[in-house]
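# Observations on the three-dimensional arrangement
So the chains spell out like this:
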Amino acid sequence: MENTQALQDATSGKATDATAPVSGNRSTSPAPGSGGYFIFLVIYLALLSAFGSFVNDMYLPTLPAMKRAFMCSTSIVQLGLTFGMIGLGVGELILGPLSDRFGRKPILLGALIVFCIGAAASVYSPTIHVFLWWRLVQGLGASGGYFLARTIPADLYAGRQLAKVMALVGAINGFAPASAPVIGGLVADSIGWRGIFWILFGFSALLLLLSPALKESLPKNRRVTGRFGAAFLNYAHLVRNRRFVIHVLLKGAALGVLFAYISSAPFIIQTHYGYTQLQFGLWMGLNALLVAAGATSALKFHPLKKSAVIGARCLLLIAFAQLMFFLFYDRFWIYETLNLPMLFCLGMLFTVGNTLAMNEGRACAGDASALIGLGGYIFGAIVSPLVGMGNMLHSTGIVIASLSLIVLVFAHLSKALPVELDSNKSNEILPDSKPDSKN
């Protein structure tokens, strides 16, 4: 219970020690728990989170076609995923502290505008190298919505209520990776890969149009004040928080498995097994629904972290079975059958990693969310080109098995930590988190 008290002190603006994170004071008013605005909030957060998925997943079916169009290698065209993830990670690192200082909504609006510019400009890329730089700009812009989808709930909720909102957003967002490859396949078949980035431009514009209805979740009296660099000091406090770091690395390694699967799947399903872009999108859509199912199933476990241990153990078994398959028995139906439980386990791990890390870093939610995103994109940026080296089936199997072992290590480290999320004191809505209706 020592951590619960420290968490309560931190979120009430009290310094628990000399290294307490920089945070503003708190007011006293209820967070939205039901009603029309709550429904809008969950849907909007799901759209923000889906936006990050669409940025990568929607143009996955076109990677083989882009390889031919730009006349480059598989690893080079996969760098489009890497550059996008670098932009997402760096953008979150910069925008997280800025959102703690200036509020969530202004940062979101600016980020969406940046993405619109990057998406429109990438359509006219004359070479793969120019395209890669515009992918970096897209990642920087998309990072605002992606990390704020985690940050805003942590502004408003705590404990298992936070877990429920995160899981609900995750479940709805499960349809994003499910629909993105399907839409991408349809668009690519009709108007080519450039049309996909016009669709992404439209998605960002839609979020901008809906943004006036979004209320600011971080009132001025809770924002970081003082000298401009003060908010960035919270990174130092967070990386010294062992519990926070364990859960960030748990989520990051699990996200690395997902990116290894995502970046290799177009070439395995289309090039190796001979399916069309549309068929690829349909298979990816079916598989993505398992992520949503896993995300909601995690809530059935008490304590929540128990689902991470079970999910990590199952993930490792599946990963080694897939590696053996890739090495010795090459059949699509086995590949697809193993993908389904793998993605279900990843959904469980995402809910646990996101919720427990944000619960630990809720006193400086913008910075915490940025580090969670950065952790995932570091893993993702590394593994995306690795799965394209040599024999893709073999390299994909080795990368996924290695990452699954890392996931298991951090799941057990999480299990060894004291349980505080499921305590009565942390199972509540923050009493001081009413969105500022003036913004």
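This text follows the structure it describes.
Residues numbered from 1 in each chain as written. Predicted model: local features only at pLDDT ≥ 70, side-chain atom pairs only at ≥ 80, totals over all residues. Heavy atoms only, no water.

## Describing helix α9 (residues 193-210)
With 18 residues, α9 extends 27 Å from end C-alpha to end C-alpha; this agrees with the ideal 26 Å at 1.5 Å per step. Turning to α9, its buried residues are Trp193, Gly195, Ile196, Phe197, Leu200, Phe203, Ser204 and Leu207. (Helix = DSSP H or I, 4+ residues; strand = E, 2+ residues; numbered from the N terminus. Expected span 1.5 Å × (residues − 1). Buried < 20%, exposed > 50% of the residue type's maximum accessible area, 1.4 Å probe, protein only.)

## What to know about unusual backbone geometry
The linkage connecting His302 with the following residue, Pro303, adopts the cis geometry, with an omega of -5°. Relative to the helices and strands, Pro303 is located in the loop between α12 (277-297) and α13 (305-328). Not every positive phi belongs to a glycine, and Met71 is a case in point at roughly 55°. Inspection of the secondary structure assignment puts Met71 in the loop between α3 (63-70) and α4 (74-102). A relative accessible area of 76% places Met71 in the exposed class.

## With respect to the packing of α4 against helix α6 (residues 128-156)
Following both chains from N to C, one finds α4 and α6 inclined at 40°, their axes separated by 6 Å at the closest point. Looking at the two axes, α4 sits oblique to α6. Classified by chirality, the crossing of α6 by α4 is right-handed. Of the residues contributing to the contact of α4 with α6, the split by class is 18 nonpolar, nine polar and three charged. (Axes fitted to C-alpha atoms, helices over the stretch in contact; angles between N-to-C directions. Parallel < 35°, antiparallel > 145°, perpendicular 65-115°, else oblique. Left-handed = near helix turned anticlockwise from the far one by under 90°. Nonpolar A, V, L, I, M, F, W, Y, C, P; charged D, E, K, R; others polar.)

## Description of the environment of Met348
Inspection of the secondary structure assignment puts Met348 in helix α14 (residues 332-360). Sequence separation between Met348 and Ala293 is 55 residues; the distance between their C-alpha atoms is 8.3 Å. Leave out the neighbours within four places in its chain, and Met348 touches Gly294, Ala295, Ser297, Ala298, Phe301, Ser307 and Gly311. (Contact = heavy atoms within 4.5 Å.)

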